[in-house]
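Here's the letter readout for the chains.
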Amino acid sequence: MAFELPPLPYAKDALAPHISAETLEFHHGKHHKAYVDKTNGFVTEKGLEGRKLSEIITHAKETGDKGLFNNSAQVWNHSFYWQSLSPEKQTPSGKLADLIKDGFGTPEELVKKLVAESTAHFSNGWGWLVLDGGKLKVTSLHDADSPVAHEGMLPLLTVDVWEHAYYIDYRNSRPGYLDAVTANLINWEFVAQNLDGEGVSRADQEG
Ligand code: FE2
């Protein structure tokens, strides 16, 4: 069974004005789809059918297969990113709120760190909030790299900082995009759900 482009968990215009329908049209409909199609092509060519998406990613990393790694990790990263966003403005609560208090003081301070890390990240990549040894940690990964390929890095939330994520709406202003997304679109319910350590499974697919 081939991997599929998962549908967006909201309407294309639901994140406007922070992320436009046009951006989602291209980002989801063209970029994400291209990663899915290329991954399926490699899987067939290399006889890797039947493995889960996460297994394809770790196999590609272990065998140094860059083409397969870049495309399959981007399929997973984008599937996780769409779920990290919500049209409804939310605030963290419960256990998540406690962890934020312990690690950062306030949600605003956490967001400030995530924006700073993601703004400073050179060139293409992803800003991440992860669970590391039971604590929240802000970090970033280059290009297509993904927590799926890092033992013990449990994904909670991501922001895409590839230029294709913001160029239509913000031109070259990565900070403008990050400020708008983190102030208005973070799906804190999804973050809280991922505290169970099963974040990888939420963007995985059967092979
Ligand atoms: Fe992207």
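Since the structure is predicted, the reported quantities are computational estimates derived from the model, not experimental observations.

**Overview of the packing of helix H5 (residues 107-120) against helix H7 (residues 174-184)**
Item 1. Between H5 and H7, the shortest axis-to-axis distance is 10 Å and the interhelical angle comes to 155 degrees. Here H7 runs roughly antiparallel to H5, going by the angle between their axes. With respect to the hand of their crossing, H5 and H7 are arranged in right-handed fashion. Packed against H5, whose contacting residues are Val-111, Leu-114, Val-115, Ser-118 and Thr-119, the element H7 presents Arg-174, Pro-175, Leu-178, Asp-179 and Thr-182 at the interface.
Item 2. Residues belonging to the contact of H5 with H7 are distributed by class as follows: 5 nonpolar, 3 polar and 2 charged.

**Observations concerning the pairing of strand E2 (residues 135-142)**
Every other side chain in a regular strand lies on the same face of the sheet, so the side chains alternate between the two faces.
Item 1. Examined bridge by bridge, strand E1 (residues 125-132) and E2 share 8 bridges and lie antiparallel to one another. Across the sheet, Leu-131 pairs through a bridge with Leu-136, a residue of E2.
Item 2. Taking the residues between adjacent antiparallel strands as the criterion, E1 and E2 are bridged by 2 residues, where Gly-133 takes a positive phi near 60 degrees.

**Description of the coordination of the iron ion**
Item 1. Taken together, His-27 (NE2), His-78 (NE2), Asp-160 (OD) and His-164 (NE2) make up the protein donors of the iron ion, found 1.9 to 2.1 Å from the metal.
Item 2. Each of the 4 donor atoms around the iron ion contributes to a set of angles spanning 88 to 127 degrees, which defines the coordination as tetrahedral.
Item 3. In primary-sequence terms, the residues that donate to the iron ion follow H-x50-H-x81-D-x3-H.
Item 4. Residue Asp-160 is classed as buried on the basis of its relative accessible area of 0%.

**Overview of the sheet that holds E2**
Item 1. With antiparallel pairing, the 3 strands of this open sheet are ordered in space as E2-E1-E3. What marks the edges here is a single partner per strand, and that holds for E2 and strand E3 (154-160). Each neighbouring strand pair of the sheet contributes to a mean axis angle of 25 degrees, computed without reference to strand direction.
Item 2. In this structure, E1 lies alongside E3, joined through 6 bridges in antiparallel fashion. Looking at E3, one finds that Trp-126 is bridged to Asp-160.
Item 3. Its contacts with the sheet put H5 on E1, E2 and E3, and the angle it makes with E2 is roughly 20 degrees.

What counts, and at which threshold
- Residues numbered from 1 in each chain as written.
- Predicted model: local features only at pLDDT ≥ 70, side-chain atom pairs only at ≥ 80, totals over all residues.
- Heavy atoms only, no water.
- Axes fitted to C-alpha atoms, helices over the stretch in contact; angles between N-to-C directions.
- Helix = DSSP H or I, 4+ residues; strand = E, 2+ residues; numbered from the N terminus.
- Parallel < 35°, antiparallel > 145°, perpendicular 65-115°, else oblique.
- Left-handed = near helix turned anticlockwise from the far one by under 90°.
- Contact = heavy atoms within 4.5 Å.
- Nonpolar A, V, L, I, M, F, W, Y, C, P; charged D, E, K, R; others polar.
- Pairing = 2+ DSSP bridges.
- Donors = N, O, S within 2.8 Å, 3.2 Å for Na, K, Ca; no water.
- Tetrahedral: all angles 85-135°; square planar, octahedral: opposite > 155°, others 65-115°.
- Buried < 20%, exposed > 50% of the residue type's maximum accessible area, 1.4 Å probe, protein only.

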